[in-house]
Amino acid sequence: RAARGEARALVGLALARVRGEGGAADPFEAVALLRAAAAAGDLDALTNLAILLAAGHGAPADLGEAALLLRRAEQAGHVGARSALETLLRAAPELAALRARWP
């Protein structure tokens with residue numbers, strides 16, 4: 001439970017960094033914070049990290065990793081991940097081969 005609370009705090013801090021709340025926006029720090037929270041299993045972190053990676057915001061754009069993160073979040077029950085994943089797959093037809101390998 002404590003780890004989950006820490007992950008939630010990391011997500012909140014990451015989103016504040018993206019928006020520049022409390023100082024200059026720092027998308028690179030936001031990506032690092034979201035990676036840490038995602039590693040702890042936070043589904044919002046997975047989804048937000050995927051969105052940043054798809055946009056190349058705070059890290060080089062990586063549509064494949066973004067799709068995989070959204071798929072993990074979707075399979076774990078994140079409500080918004082499915083919609084975000086479908087949007088990504090429609091926008092990036094080159095990911096069709098990746099989708100074809102999903103169970």
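Above: the structure in question.
Residues numbered from 1 in each chain as written. Predicted model: local features only at pLDDT ≥ 70, side-chain atom pairs only at ≥ 80, totals over all residues. Heavy atoms only, no water.

Asks: Which residues make up the overall build of the protein chain, and what are the values?
Replies: The helix and strand inventory of the protein chain stands at six helices and zero strands. The order of α-helices and β-strands along the protein chain, N terminus first, is α-α-α-α-α-α. Over its C-alpha trace the protein chain gives a radius of gyration of 14 Å, about what one expects of a compact globule, namely 13 Å for 103 residues. Over its C-alpha atoms, taken along the principal directions, the protein chain stretches across nearly 40 × 30 × 15 Å. Of all 103 residues assigned to the protein chain, the portion counted as buried reaches 36%. If you take every contact in the protein chain between residues at least 6 apart in sequence, the share linking residues at least 24 apart comes to 43%. Of the roughly 5,700 Å² that the protein chain leaves accessible, carbon and sulfur atoms contribute 58%. Across the protein chain, 12 positive and 11 negative side-chain charges occur, with their mean positions spaced 6 Å apart. (Helix = DSSP H or I, 4+ residues; strand = E, 2+ residues; numbered from the N terminus. Rg over C-alpha atoms; globule rule 2.2 N^0.38 Å. Buried < 20%, exposed > 50% of the residue type's maximum accessible area, 1.4 Å probe, protein only. Contact = heavy atoms within 4.5 Å. Areas by Shrake-Rupley, 256 points an atom, 1.4 Å probe, with all protein chains shown as cover. Lys, Arg positive; Asp, Glu negative; His and termini not counted. Charge placed at Lys NZ, Arg CZ, Asp CG, Glu CD.)

Asks: Before we move on, can you summarise helix H2 (residues 27–39) with the specific residues and values?
Replies: The periodicity of an α-helix, 3.6 residues per turn, causes residues three or four positions apart to be oriented the same way. For H2, built from 13 residues, the straight-helix expectation of 18 Å at 1.5 Å per residue is met to within 8% by its first-to-last C-alpha distance of 18 Å. Taken residue by residue, H2 has Pro27, Ala30, Val31, Leu33, Leu34, Ala37 and Ala38 as its buried positions. Along the axis of H2, the buried residues cluster in a sector spanning 165°; they form a single face. Exposed residues on H2 whose side chains face more than 90 degrees from its buried face are Phe28 and Ala39. Residue Gly41 follows H2 closely and has a positive phi angle near 95°. (Expected span 1.5 Å × (residues − 1). Arc of directions from axis to C-beta.)

Asks: Outline the packing of helix H4 (residues 63–75) against helix H5 (residues 81–91), listing residues and values.
Replies: Where H4 meets H5, the axes come as close as 8 Å, and the angle between the chain directions of the two elements is 150°. In this view, H4 runs roughly antiparallel relative to H5, as classed from their interaxial angle. Helix-helix and strand crossings are classified by hand; for H4 and H5 the assignment is left-handed. When H4 is examined against H5, the residues Leu63, Ala66, Ala67, Leu70, Arg71, Ala73 and Glu74 are found in contact with a partner set consisting of Ala81, Arg82, Ala84, Leu85 and Leu88. Class assignment for the residues of the contact of H4 with H5 results in nine nonpolar, no polar and three charged. (Axes fitted to C-alpha atoms, helices over the stretch in contact; angles between N-to-C directions. Parallel < 35°, antiparallel > 145°, perpendicular 65-115°, else oblique. Left-handed = near helix turned anticlockwise from the far one by under 90°. Nonpolar A, V, L, I, M, F, W, Y, C, P; charged D, E, K, R; others polar.)

Asks: Break down the nonpolar core for me, citing the residues and quoting the values.
Replies: Generally speaking, a soluble globular protein has its nonpolar side chains buried in company with each other. Grouped together as the largest cluster of nonpolar side chains are 29 residues, with contacts concentrated most on Leu34, Leu49, Ala67 and Leu95. Those elements that place two or more of their residues in this core are helix H1 (2–19), H2, helix H3 (43–55), H4 and H5. Ignoring sequence-local partners within four residues, the contact set of Leu95 consists of Leu63, Gly64, Ala67, Leu88 and Leu89. (Core = buried A, V, L, I, M, F, W, Y, C linked by side-chain atoms within 4.5 Å.)

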